[in-house]
Amino acid sequence: GMTCSACQSTVKKTIKSLDGVKDAEVSLGLKVAFITYYPDLIKPEQIQKAVNDKGYAAGKPQEVKQ
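Residues numbered from 1 in each chain as written. Predicted model: local features only at pLDDT ≥ 70, side-chain atom pairs only at ≥ 80, totals over all residues. Heavy atoms only, no water.

Draft legend 1. Local environment of the nonpolar core. In terms of nonpolar packing, the biggest core is built from 11 residues, these being M2, C7, V11, I15, V21, A24, V26, I42, I47, V51 and Y56. Of all the elements in the fold, those that place two or more residues in this core are α1 (5–16), β1 (21–27) and α2 (44–53). Sequence-distant contacts of V21, defined by excluding residues within four places in its chain, comprise I15, K16, I35, T36, Y37, I42 and I47. (Core = buried A, V, L, I, M, F, W, Y, C linked by side-chain atoms within 4.5 Å. Buried < 20%, exposed > 50% of the residue type's maximum accessible area, 1.4 Å probe, protein only. Helix = DSSP H or I, 4+ residues; strand = E, 2+ residues; numbered from the N terminus. Contact = heavy atoms within 4.5 Å.)

Draft legend 2. Quick look at unusual backbone geometry. One non-glycine residue with positive phi stands out, namely K31, at about 55°. For K31, the location among the structural elements is in the loop between β1 and β2 (32–37). A residue is classified by how much of its surface remains accessible, and K31, at 52% relative accessible area, is exposed.

Draft legend 3. Up close: the pattern of salt bridges. Inspection of every chain in the model, using the stated rule, returns three salt bridges. The partner of K16 in a salt bridge is D23, and the shortest N-O contact between them spans 3.5 Å. A relative accessible area of 40% places K16 in the partly exposed class. Overall, D23 belongs to the partly exposed group, its relative accessible area being 29%. Here D53 makes a salt bridge to K49, at a shortest N to O gap of 2.8 Å. Here the residue D53 and the residue K49 both occupy positions in helix α2, the gap between them amounting to four residues, near one helical turn. D53 gets classed as exposed once you look at its relative accessible area, which sits at 55%. (Salt bridge = Lys/Arg side-chain N within 4 Å of Asp/Glu carboxyl O.)

By themselves these figures say nothing about function.
Below, the structure written as structure tokens:
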């Protein structure tokens, strides 16, 4: 649901403000967010819900291991 850089900034701030999130990078061009989080403190579904609650349509979380 991101359409501009303000959207990108809002989504990033929303994600980074959550307890258990270590870092977040949001790409407007790719329409994805890469999130580093502590799985014992927060679940991907909670992050998704926070983004959706801001009025954006977060897709299904996908795990990417580094």
